[in-house]
Amino acid sequence: MVAEIALIDITPGLAESVALDLNHASGITRSRSHASGGTDLTLVRDAQVVVVTAGRPRTPGMSRADLLEINRRVIRTIAEAIRTNAPKAIVIVITNPLDEMTTEMLRASGFSRNQVLGMAGTLDSSRFRRALAESAGVCVTDVEAITLGSHGDEMVPIVSRARIRSRPLTDFLSEDAIQDCVQDAVSGGGQVVALRKTGSAIFAPAHAVIEVIDHIRGLRVGTVPVSVMLDGEYGNEGVVLGVPCHLGMQGLVQVEELPLTDDELVQLQKAADAMRSRLGA
């Protein structure tokens, strides 16, 4: 996927140890990729893609919004380093609260909207597909479904367009079962936090990042749901929300406006209003 991976962490030795561990694996994988690590933010220099995970994770009982002020300061520091050292990079934000931190990255970096993406809908859609597959007793490869909106309580799983074996959900599941799957998607991250106690999800978000990068480099085609700054799409402007996007080597290419039900559009608007309220816009 890449020629070089630079890992950065504020804990001395941590990023270096992970990089060395990855490099040791190359004798088995025969990968030509090389990993390096350190604490210095200038390691982002000339990066094509920067994945931002830095910040305080959630603990049990804590919402993503509770991290707003704490992680805002972290994002500002990182944004300055990226702006200075990798001004052409595409930035993928994972730090919670994700949509708010994507907004902060845009503001602090001064980058155009095509350069800053929030990894949310990719992960939430995966959780929604998995919940539907388990409830219907089918393989997850039989399910197509996406979520839009925010990465939190205002998440909008798009039931109207979800399909199991190319058929509507109601052919397989009751309305109550569908709503249980919706709730499972919304609470999926919290379920992991409750079990881990001292951190949040790792593996599913990592796979979601790879999905986004694969769309950027053209390995996958079509749309992928990511959080971007809207510019009139879905009737909103100046707010970051998860929407289906076409991506390319310059980042965002185009937002695709899907036909949604009236209720789904109302929920999407509620997500936009809640985002503005939290950011004081």
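Residues numbered from 1 in each chain as written. Predicted model: local features only at pLDDT ≥ 70, side-chain atom pairs only at ≥ 80, totals over all residues. Heavy atoms only, no water.

Draft legend 1. Region of the structure containing a nonpolar patch on the surface. Among the surface-exposed residues, M1, V2, I5 and I210 lie close enough to one another that they form a single nonpolar patch of about 310 Å² accessible area. Take V2: it is sitting in the segment before β1 (4–8). (Patch = residues over 30% accessible without salt bridge, like charges linked within 9 Å, V, L, I, M, F, W, Y side chains within 5 Å. Areas by Shrake-Rupley, 256 points an atom, 1.4 Å probe, with all protein chains shown as cover. Salt bridge = Lys/Arg side-chain N within 4 Å of Asp/Glu carboxyl O. Helix = DSSP H or I, 4+ residues; strand = E, 2+ residues; numbered from the N terminus.)

Draft legend 2. Highlighting the sheet that holds strand β9 (residues 163–164). Taking strand neighbours across the sheet as the criterion, the three strands line up as β6-β9-β10 in an open arrangement whose pairing is antiparallel. In this open sheet, the two strands that pair with only one neighbour each are β6 (143–144) and β10 (167–168). Bridge count for β6 against β9 is two bridges, and the pairing is antiparallel. Across the sheet, V143 pairs through a bridge with I164, a residue of β9. (Pairing = 2+ DSSP bridges.)

Draft legend 3. The arrangement of the pairing of strand β11 (residues 224–231) in detail. Of all eight residues in β11, seven are buried, a share of seventy percent or more. Across seven bridges, β11 lies against strand β12 (residues 237–248) in antiparallel orientation. Along β12, the bridge assignment pairs M229 with V240. Between the antiparallel neighbours β11 and β12 lie five residues, among them G232 with a positive phi of about 100 degrees. (Buried < 20%, exposed > 50% of the residue type's maximum accessible area, 1.4 Å probe, protein only.)

Draft legend 4. Focus on helix α3 (residues 98–109). Taking 1.5 Å per residue, 12 residues should reach 16 Å; α3 reaches 16 Å between its end C-alpha atoms and fits that length. For α3, the tally of buried residues reaches 10 of 12 residues, placing the bulk of the element in the interior. Taken together, the buried positions of α3 are L98, D99, E100, M101, T102, T103, E104, M105, L106 and S109. Of the residues flanking the end of α3, it is G110, one or two places downstream, whose phi is positive at about 75 degrees. (Expected span 1.5 Å × (residues − 1).)

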